[in-house]
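# Tertiary structure, described
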Amino acid sequence: MNLLVTLDALLSEGSVVGAAQRLNLSAPAMSRQLARIRHLLGDPVLVRAGRGLVPTPRAEALRERLRGLVAEAEALVRGDEIDLLRLERTFVIRANDGFVGTFGAALASLAAQEAPLVRLRFAHQDKEDVEALREGRIDADVGVIGAMGPEIRLQALFHDRFVGVVRPGHPLAGEVTPERFAAFPHVSVSRRGRFSGPIDVALAALGLKRFVAIAVANFNDALAIVRTSDHVAAVPARLTEPARAGLHSFDLPVKTDALAVSLAWHPRFDADPAHRWLRAALRTACSSRVPGQTEPAG
């Protein structure tokens, strides 16, 4: 392969010195390469004509095929940028219902514009399974991600905060104090079915305790319950903007830590042009806001 690259340079430059400079070799080294090429092909390849060199008929016949072959090999080594308009690939993204509901449309629109043959499949976020990333069963993991394998790449997409949500006309649509907040039944959102969390710790510091009556696995179920009951749900503000339409949202009367929503992927995809596009598309989708949605008053 090195000899073919050398021959391409010799035919393009028409000079041993020029080809040597192009490939960062000395002139004697290039002359030795030319001798090897002549032996390999059984042809002089380049012969002297006055002060220059001209290709033989055999070399002329090889020129175009050789240029294409070398260009293809160079592209293979460089990993040239792909043609997104022709890219046919299915990406599997593990994310919760809040992320899909809030950013799925923006991501789908971006893919339709930039990579129309790409398909996106969202996998259920039941647990943080690092093996799914390692084995390639998913291409990306998006969410509030804890400690994963040491080799896993992790990049923050945005930060979120919890807000309280109740039906319109609920007593908490008015004044919200820690005492009033804790007095109503609550809905917990937990993939593991937990009935307590950071809010309970914050309330306990004030000598208060809430009653978590229901635990559900996703935000949509929690919001469906509070929409037609007196229950209260605490959900991430940005991840549930579209789903909270028509409900009353309010700032929590206790302090909780911010949530870091991150993107995780396996390093095998670091240099993959298609996967680089996916990561950029996820970042772009998350930088957009949902028209008509506003944060609760602070």
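Just so it is clear, the model here is predicted, and its values are computed rather than measured.

Here we come to the confidence of the model for the chain. One rule of thumb: low pLDDT means the predicted coordinates there are not for detailed reading. Predicted confidence across the chain gives a mean pLDDT of 87, with 93% of residues reaching 70 or more. Contacts of residues 290-295 to residues separated by more than four positions or lying in other chains number 10 contacts, the stretch itself having pLDDT below 50.

A word on the sheet that holds strand β10 (residues 232-236). Here five strands make up an open sheet; going across it, the order is β9-β8-β10-β7-β11 and the pairing mixed. Looking at the sheet topology across the chains shown, the edges are occupied by β9 (211-216) and β11 (248-251). Along the sheet, successive strands turn relative to each other by an average axial angle of 35 degrees, direction set aside. The sheet strands contacting helix α9 (residues 219-227) are β7 (162-166), β8 (185-189), β9 and β10, and the helix crosses β10 at an angle near 145 degrees.

The next thing to look at is the packing of helix α1 (residues 2-13) against helix α3 (residues 27-41). With their axes 10 Å apart at the nearest point, α1 and α3 run at an angle of 110 degrees to one another. As far as their axial angle goes, α3 and α1 are roughly perpendicular. Contacts from L3, T6, L7 and L10 in α1 reach M30, Q33, L34, R36, I37, L40 and L41 in α3. Partitioned by chemical class, the residues of the contact of α1 with α3 number eight nonpolar, two polar and one charged.

A few words on the packing of aromatic side chains. Taken as a whole, this structure holds four aromatic pairs when the rule is applied. Considering the side-chain rings of F91 and W277, the 6.3 Å spacing of their centres and the 35 degrees angle between planes classify their relative orientation as tilted. Residue F91 is found in strand β3 (residues 90-95), and its partner W277 is found in helix α10 (residues 273-287); the two are separated by 186 residues along the sequence. Owing to a relative accessible area of 8%, W277 belongs among the buried residues under this scheme. Members of the aromatic cluster, each reached through a chain of ring pairs, are F99, F103 and F158.

The subject of this paragraph is the sheet that holds strand β12 (residues 259-265). Strand order across the open sheet formed by five strands is β4-β3-β5-β12-β6, with mixed pairing between neighbours. This sheet does not close on itself; its edge strands, each paired only once, are β4 (119-124) and β6 (153-160). The mean inter-strand angle of the sheet, taken between neighbouring strand axes irrespective of direction, is 25 degrees. Of the strand pairs in this sheet, β6 and β12 are connected by seven bridges, and their pairing is antiparallel. When the bridges of β12 are listed, Q155 appears paired with L263. Its contacts with the sheet place helix α5 (residues 97-114) against β3, β4, β5 (140-143) and β6, and it is angled at close to 170 degrees to β4. In the packing of α10 onto the sheet, the strands contacted are β3, β4, β5, β6 and β12, and the crossing angle to β3 comes to about 45 degrees.

What counts and how
Sequence order as written defines residue numbering, which begins from 1 separately in each chain. A pLDDT threshold of at least 70 governs which residues receive local features in this predicted model, and a stricter bar of 80 or more applies before side-chain atom pairs are shown or counted, although totals over entire chains, interfaces and linings include all residues. Calculation of side-chain values draws on the structure's entire complement of heavy atoms; hydrogens and water are dropped beforehand. The score called pLDDT rates the predictor's confidence residue by residue, from a low of 0 to a high of 100. Residue contacts are counted whenever heavy atoms from the two residues lie within 4.5 Å of one another. Strand pairing follows a simple DSSP-based rule, namely that at least 2 bridges must link the two strands. Numbering goes from the N terminus for both helices and strands, where a helix is a DSSP run of H or I of at least four residues and a strand is a run of E of at least two. Lines are fitted to the C-alpha atoms to define the axes, a helix being fitted only along its stretch in contact, and any angle between axes, read from their N-to-C directions, falls within 0 to 180 degrees. For classification purposes, angles smaller than 35 degrees are called roughly parallel, those larger than 145 roughly antiparallel, those between 65 and 115 roughly perpendicular, and all remaining angles oblique. Residue polarity is assigned by list, with Asp, Glu, Lys and Arg as charged and Ala, Val, Leu, Ile, Met, Phe, Trp, Tyr, Cys and Pro as nonpolar; anything else, Gly included, falls into the polar class. Each Phe, Tyr or Trp ring (for Trp, its six-membered ring) is paired with any other whose centre lies within 6.5 Å, and the angle between the two planes then decides the class: stacked below 30 degrees, edge-to-face above 60, tilted in between. Exposed residues in this analysis have more than 50% of their type's maximum accessible area, buried residues have under 20%, and partly exposed residues fall in between, with area computed by a 1.4 Å probe over protein chains only.

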